[in-house]
Amino acid sequence: MSQRRILVTSALPYANGHIHIGHLVEYLQTDIWVRFQKLRGHRCIYICADDTHGTAIMIRARQEGTSEEDLIARMQKAHVDDFAGFDIQFDNYGSTNSPENRAICEEIWASIRKAGLVSEEKVEQLFDTEVGTFLADRFVKGTCPKCKAPNQYGDSCDKCGAHYSPVDLIDPKSTLSDTTPEIRTADHLFINIERLHEFLNEWTRSGGHLQPEVANYLAGHFLHEPLRDWDVSRPAPYFGFEIPDSPGNYWYVWFDAPIGYIGSTKQWCNRQGEDFDAWWRSDQTEIHHFIGKDITYFHTLFWPAMLKTAGFNLPTKVHIHGFLTVGGEKMSKTKGTFVRASTYLEHLNPAYLRYYYASKLTARVDDLDLNLDEFVTKINSDLVGKVVNLASRAAKFVEKSGLAKVYPDDGGLFQQAAEDGQAIAECYEKCDFNQAMRRIMAAADRANQYVDQVQPWVLRKDPDKAAELQDVCTVILNLFRQIAVYLAPVLPRLAEQTAELLGKPIAQWDEAQSPLVGTPVARFKHMLTRVEPAQVEAMVAASVESDLPSGPAATYNDGPGPLEAEPLTETCSFDDFLKVDLRVARIVEAVAVPKANKLVQLTLSLGGDKRLNVFAGIKEAYQPEDLVGRLVVCVANLAPRKMKFGTSEGMVVASGPGGKDVFLLSPDSGAQPGQRVH
RNA sequence: GCGCCCGUAGCUCAAUUGGUCAGAGCAACGGACUCAUAAUCCGUGGGUUCCAGGUUCAAGUCCUGGCGGGCGUACCA
């Protein structure tokens, strides 16, 4: 078997959100495939990065009162930690906001320019003057020009289904500021991808680059008519890379995101002293992308077109998977099935999910269902009951004697499993992990049948049969080890535990071809605990995000007193409300003002270096030392007021009549200083 | 309403892509065993492949129409 050179990527997670169990379908699928290739002895690297650019990042950074750079650095750390927790092992995890990526973007852009594929056209877009930004379609709401339904998004109406431009909306409002945006015209740059139509026809249908259903989809939906020009620029302000030959314009996030695969590779090459061209400009290197079906056309039309034009390697294969459903339904925050990676890890072992997904993944684009009851039974019955149990059934009988010197007759079981390694490898190779797991479990079934036949627990009772006992346990542990080898891409920790038990590392797929003999056996330790349904329930409960109060309202008997004491005031407009800039703040210092009856002097932090000096009338209700460190909500844009003891630069929000009855408002955990309260 | 996807045993999925394939795992039920994390082994039941037409020597597999579900708005794989 000649050594292949393989570069593998997963889609770059967007820096706007945390990793959840839906993302993990892809990263686990990819990680398993990469580990398999490495185990087979191929030269394989796994490249990924955070996708960091775009309007959404810019807006969120503003909302949090932080810089884009801080925001994406924080999210990258969170992403990296989540992936590590699931044993997802990247060779490099970069960022699209890196100098390497900028350089490659410029290089590819120059090639596209040189090929004469870029044109400039005027585009009318809505502009929010309050926030000072152009508005993507989903940031505009208004009345449908066709059916007059109110509150519709900028691209289409969900009442009548009409499609339109956001500039056609009646009474459009920016969802960011609720102000009326104005129409502004800007020059955008377009790539004339139609010029590569013939190439794409050929590429999508040949060479097994795409799954057949994907090739058909593209042919039927895009390639049957002329391809529309692709708008790849956005006018300032935009968080991204400015286009060198078009000042004031930035590359659209979907231009530089896939280039991030190359940029991240470049980073790895620089660090490792590797030859970059050997990875991205060599017909000896395979490029494999793993993506979800939602971003199919970016990776199967635009991306190959860019690579082709710039002279980089084309993808050898784009592996496309479906979405995750939980219990047959889309993930839901209110039902607690929208589970973050970090939440999962607080309750369950990552090996469970790695195996469960492996047992469900096929080479097709079908959605994958996580059935939580099945999750429990599958882990317990396959992994604990069948696989790990094998070691548990035999190891302690040979703790003292070790494995037999010569591999005994096992009726051909080892040989059968060794031969099956070829078929299992083929299943891994074509991403039919489901089939691979079935075959491996069949081997585990055969091994368990063998244990029942030879009955080591009977042999143990007869001292004359010690050699026979050692023989059958040698067989059982070797059959177990074969399974651990085959499962190593899915369960790397099990492979390590097996290595520890039998004193021989599992570094090669071929370790399953010859039995281990004459080696000592370590004291057996449990390798995997059973899943309790209660653990799963706890994870789901911890994931529930209810925006509605739970339980029937009738069970609460709150009296009318407070409302009567202070009746509701007249209605205020949303604009009026927006004038008040409420922020999450952390009390970093609190000192009782000696000469005042009620006042405590607080130093509030809004994150970074931003501090506010605030006098609050809460002396009778709180001890200053109890206040330090806690989060509160403050009015951050209140006009400063000179008081006897100094200037107060804001106000801490609290309820209650005063005196000893003052109750500071606290944000829920997770809130960060500087975040605006909306 | 429109568009796309899907509909095989209680559950999750197979069926070499029109040719003995109606199958597996889990669950259920009966029995065996007790080494093992109440794990394991043997056996049994269970489907008019959503419905109705059509094409064909032959249809879960292709076509048409119905019925049912999902997605299309998001945190987006």
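Up top is the structure these notes are about.
In this text, all values refer to a predicted model and were calculated from it rather than measured experimentally.

Parameters at a glance
Residues numbered from 1 in each chain as written. Chains lettered and ligands numbered in written order. Predicted model: local features only at pLDDT ≥ 70, side-chain atom pairs only at ≥ 80, totals over all residues. Heavy atoms only, no water. 1 Å grid on protein atoms, 1.4 Å probe; cavity = no way out; pocket = protein on both sides within 12 Å on 5 of 7 lines; lining within 4 Å. Points joined across faces, edges and corners; volume = space filled by probe spheres on them. Helix = DSSP H or I, 4+ residues; strand = E, 2+ residues; numbered from the N terminus. Nonpolar A, V, L, I, M, F, W, Y, C, P; charged D, E, K, R; others polar. Buried < 20%, exposed > 50% of the residue type's maximum accessible area, 1.4 Å probe, protein only. Contact = heavy atoms within 4.5 Å. Near = heavy atom within 4 Å. Polar contact = N/O pair within 3.5 Å; in protein donor to acceptor, adjacent residues only side chain to side chain. Salt bridge = Lys/Arg side-chain N within 4 Å of Asp/Glu carboxyl O. Pairing = 2+ DSSP bridges. Axes fitted to C-alpha atoms, helices over the stretch in contact; angles between N-to-C directions. Disulfide = S-S within 2.5 Å. Parallel < 35°, antiparallel > 145°, perpendicular 65-115°, else oblique. Phe/Tyr/Trp six-rings, centres within 6.5 Å; stacked < 30°, edge-to-face > 60°. Lys NZ or Arg CZ within 6 Å of the ring centre and 35° of its normal.

## Points about empty space enclosed by the protein
Reasoning step 1: Applying the stated rule across the entire model yields 4 cavities of 30 Å³ or more.
Reasoning step 2: Counted as a void, the largest cavity has a volume near 50 Å³.
Reasoning step 3: For the lining of the largest cavity, the element with the most residues is helix α9 (residues 296-310), which contributes 4 residues.
Reasoning step 4: Split into classes, the residues belonging to the lining of the largest cavity amount to 9 nonpolar, 1 polar and no charged.

## Structural notes on the environment of Pro 315
Reasoning step 1: On the secondary structure map, Pro 315 appears in the loop between α9 and β14 (317-321).
Reasoning step 2: With a relative accessible area of 2%, Pro 315 lands in the buried category.
Reasoning step 3: Taking the C-alpha atoms as reference, Pro 315 lies 25 Å from Lys 360; in sequence the two are 45 residues apart.
Reasoning step 4: Ignoring any residue separated from it by four or fewer positions in sequence, one finds Pro 315 in contact with Trp 203, His 209, Ile 287, His 289, Trp 303 and Leu 307.

## Topic: the protein's contact with RNA strand B
Reasoning step 1: The environment of RNA strand B is made up of 48 residues, and the closest members are Glu 26, His 321, Lys 333, Lys 360 and Arg 364.
Reasoning step 2: The contact atoms of RNA strand B, taken as those within 4 Å of the protein, divide so that sugar and phosphate hold 68%.
Reasoning step 3: Note that a base nitrogen of RNA strand B is positioned 2.8 Å from one of the backbone N or O atoms of Gly 22.
Reasoning step 4: Between RNA strand B and Gly 292 there is a distance of 3.3 Å, counted from a sugar or linking oxygen to a backbone nitrogen or oxygen.

## Re the pattern of salt bridges
Reasoning step 1: Per the counting criterion, the structure on display carries 29 salt bridges.
Reasoning step 2: Between Lys 360 and Glu 374 there is a salt bridge, and its shortest N-O distance comes to 2.9 Å. Of this pair, Lys 360 sits in helix α11 (residues 350-360) while Glu 374 sits in helix α12 (residues 372-394), and the two are 14 residues apart along the sequence.
Reasoning step 3: Exposure remark for Glu 374: the relative accessible area of 25% places this residue in the partly exposed category.
Reasoning step 4: A salt bridge links Arg 583 to Asp 581; its shortest N-O distance comes to 2.8 Å.
Reasoning step 5: The class for Arg 583 is buried, based on a relative accessible area of 14%.
Reasoning step 6: On the basis of relative accessibility, which here comes to 14%, the residue Asp 581 falls in the buried class.

## With respect to the sheet that holds strand β1 (residues 5-10)
Strand pairing in a sheet is mediated by backbone hydrogen bonds. Such pairs are either parallel or antiparallel.
Reasoning step 1: Pairing is parallel in the open sheet, where 5 strands are placed in the order β3-β2-β1-β13-β14. The sheet is open, and its two edges are formed by β3 (92-95) and β14, each paired on a single side. With strand direction ignored, the average angle separating the axes of adjacent strands in the sheet is 20°.
Reasoning step 2: As judged from the 5 bridges shared by strand β13 (residues 285-292) and β14, these two strands associate in the parallel manner. Within β14, the position partnered with Ile 291 by the bridge is Ile 320.
Reasoning step 3: Relative to the sheet, helix α7 (residues 253-272) contacts β1, β2 (43-50), β3 and β13, its axis offset from that of β2 by approximately 120°.

## Concerning the state of the cysteines
Reasoning step 1: One pass over the structure, following the stated rule, counts 0 disulfides.
Reasoning step 2: With no disulfide of its own, Cys 269 lies closest to Cys 44 among cysteine sulfurs, the gap being 14 Å.

## Looking at the environment of Pro 172
Reasoning step 1: Its place among the elements puts Pro 172 in strand β8 (residues 170-174).
Reasoning step 2: By relative accessible area, Pro 172 is classed as buried at 13%.
Reasoning step 3: Along the backbone, Pro 172 and Gln 152 are 20 residues apart, and their C-alpha atoms lie at a distance of 9.1 Å.
Reasoning step 4: If near-sequence neighbours (up to four positions away) are discounted, Pro 172 is found in contact with Leu 126, Val 140, Lys 141, Gly 142, Thr 179, Thr 180 and Pro 181.

## With respect to the packing of α7 against α9
Reasoning step 1: One can describe the packing of α7 onto α9 by two numbers: an axis separation of 11 Å at closest approach and a directional angle of 70°. As the angle between them shows, α7 and α9 are arranged roughly perpendicular. Seen from α7, the contacting residues are Trp 254, Phe 255, Pro 258, Ile 259, Tyr 261 and Ile 262; seen from α9, they are Phe 298, His 299, Trp 303, Met 306 and Leu 307.
Reasoning step 2: Partitioned by chemical class, the residues of the contact of α7 with α9 number 10 nonpolar, 1 polar and no charged.

## Thoughts on the pairing of strand β18 (residues 582-592)
Walk down a regular strand and you will see the side chains alternate between the two sheet faces.
Reasoning step 1: As defined by bridge partners, β18 adjoins strand β21 (residues 631-635) across 5 bridges and the pair is classed as antiparallel. By the bridge assignment for β21, Arg 586 is matched with Leu 631.
Reasoning step 2: Where β18 meets strand β19 (residues 600-605), 6 bridges bridge the pair, whose relative direction is antiparallel. Directly across from Glu 589, in β19, lies its bridge partner Thr 603.

## As for helix α5 (residues 197-205)
Reasoning step 1: By the burial criterion, the buried members of α5 are His 197, Phe 199, Leu 200, Asn 201, Trp 203 and Thr 204.
Reasoning step 2: The elements touched by buried residues of α5 are α6 (212-221), α9 and β14.
Reasoning step 3: Just past α5, the residue Gly 207 takes up positive phi, approximately 70°.

## So, the sheet that holds strand β4 (residues 118-128)
Reasoning step 1: Taken in spatial order, the 4 strands make up an open sheet running β5-β4-β9-β10, and their pairing is antiparallel. One side of each edge strand has no neighbouring strand; the edge strands of this open sheet are β5 (133-134) and β10 (230-231).
Reasoning step 2: Bridge analysis of β4 against strand β9 (residues 182-191) gives 10 bridges, and the strand direction is antiparallel. Opposite Val 118, over in β9, you have Ile 191 as the bridge partner.
Reasoning step 3: Those strands touched by helix α4 (residues 99-114) are β4 and β9, and its axis lies near 80° from that of β9.

## Thoughts on the packing of aromatic side chains
Reasoning step 1: Inspection of every chain in the model, using the stated rule, returns 30 aromatic pairs.
Reasoning step 2: Taking 6.5 Å as the distance between ring centres and 45° as the angle between the ring planes, the aromatic pair formed by Tyr 238 and Tyr 250 counts as tilted. With Tyr 238 in the loop between β11 (233-235) and β12 (249-251) and Tyr 250 in strand β12, the pair connects residues that are 12 residues apart, well separated along the chain. Just as Tyr 238 is buried, Tyr 250 falls in that class too.
Reasoning step 3: Through a chain of ring-to-ring contacts, three or more aromatic side chains come together here, namely Phe 222, Trp 230, Trp 254, Tyr 297, Phe 298 and Phe 302.
Reasoning step 4: One residue, Arg 5, lies across the ring of Trp 279, its end atom 4.7 Å from the ring centre.
Reasoning step 5: Just above the ring of Phe 312 sits the side chain of Arg 281; from NZ or CZ to the centre is 4.1 Å.

## Some remarks on the packing of helix α13 (residues 413-429) against helix α16 (residues 466-487)
Reasoning step 1: In the contact formed by α13 and α16, the axes pass within 11 Å of each other and the chain directions differ by 5°. If you check the angle between α13 and α16, you find them roughly parallel. Here α13 contributes Leu 413, Phe 414, Ala 417, Ala 418, Gly 421, Ile 424 and Tyr 428 to the contact with α16, which in turn contributes Asn 478, Leu 479, Gln 482, Tyr 486 and Leu 487.

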